[in-house]
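Structure at a glance
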Amino acid sequence: MFAKEPIALISKLRGAVQHKMVSEIKYRSKTQLNTPILSDSQIRTKNNAFSKVVYLDDGTAISMYPDTEIKIKGSIVNRMIIKQVDLSNGIIRVNVLNQMSREFKLTTPYSELTCTECSFWIISEESNGDQFIKESGNAEVWNSSLNRITELVYDSTLISQEQVEFDQFETPIKDIKFIESLMLDADEK
């Protein structure tokens, strides 16, 4: 049972950001600050755009960078929101605050990440799969095509692709600088 009342809101906007509620066919061309987000709402950022979505119960935040599309899901149980984000493509940073009752879940075309308290980046592209970069907390990534699960490691990048074994390596400096530049452009750092 998904919420018929808002589960999140858009707390920050830059550039062309569009959203679509589950009942709508087309994206709205102009999304506004503090727009309430219902479960199954989709949000996408265009080139040079940024948006931040914050869940109403605990402040868990999803920062969306240029050319990104997500679907926000949630159901309310005992005044807590059970959270899920479906990432179609793009770059997001997720800061999950302590989920006392259930795990936060992020799904992509290739992977599923779960955690109760964590912060991470994900870059999802059809050609390169999913790149997960952990900032804090404990998180696990499951690849459905391999039916395998692995834990994210601090200061490392984990790559998850369809029918390809996980690849984990120390995050290159150029990737860290790229992420920092995104944050600076969005006034997030």
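Residues numbered from 1 in each chain as written. Predicted model: local features only at pLDDT ≥ 70, side-chain atom pairs only at ≥ 80, totals over all residues. Heavy atoms only, no water.

Focus: unusual backbone geometry
Which entries qualify depends on this criterion: Note on conventions: DSSP H or I runs of at least 4 residues are helices, E runs of at least 2 residues are strands, and numbering of each starts at the N terminus.
At D40, a residue that is not glycine, the phi angle is positive and equals roughly 75°. Note on placement: D40 falls in the loop between β3 (36-37) and β4 (41-45). With a phi close to 50°, N78 is a non-glycine residue in the positive phi region. Counting through the fold element by element, N78 comes out in the loop between β7 (68-77) and β8 (80-96).

Brief notes about the confidence of the model for the protein chain
If pLDDT is low for a region, its predicted coordinates should not be looked at in detail. Counted only if it meets this: How sure the predictor is of each residue is captured by pLDDT, a score from 0 to 100.
Of all residues in the protein chain, 98% have pLDDT values of 70 or greater, and the mean over the chain is 93. No element of the protein chain has a lower mean pLDDT than β3, at 93, and none a higher one than strand β6 (residues 61-64), at 98.

Notes on the pairing of strand β2 (residues 17-20)
As a reminder of what qualifies: For the exposure calls, accessible area comes from a 1.4 Å probe over protein chains only, and a residue counts as buried if that area is under 20% of its type's maximum, exposed if over 50%, partly exposed in between. Strands pair, by our definition, only if DSSP identifies at least two bridges between them.
Here β2 shows no split at all, with V17 and H19 on one side and Q18 and K20 on the other all buried. Note that β2 and β4 share 4 bridges and pair antiparallel. Along β4, the bridge assignment pairs H19 with I43.

Concerning the pattern of salt bridges
A pair can form between side chains of opposite charge whenever their charged atoms are brought close. Our working definition: By definition here, a salt bridge exists when the distance from a side-chain nitrogen of Lys or Arg to a carboxyl oxygen of Asp or Glu is within 4 Å.
Inspection of every chain in the model, using the stated rule, returns 11 salt bridges. Salt-bridge contacts for K83 lead to D58; the nearest nitrogen and oxygen are separated by 3.2 Å. Note that K83 is positioned in strand β8 and D58 in the loop between β5 (50-55) and β6, a separation of 25 residues in sequence. One exposure class covers both K83 and D58, and it is buried. Between D86 and K73 there is a salt bridge whose closest N-O contact spans 3.0 Å. A residue pair is termed long-range when its members are at least 10 positions apart, and D86 in strand β8 and K73 in strand β7 qualify at 13 residues. Across this residue pair, the class does not change: D86 and K73 are buried. Taken together, the salt bridges that share partners define one network made up of K12, K52 and E188.

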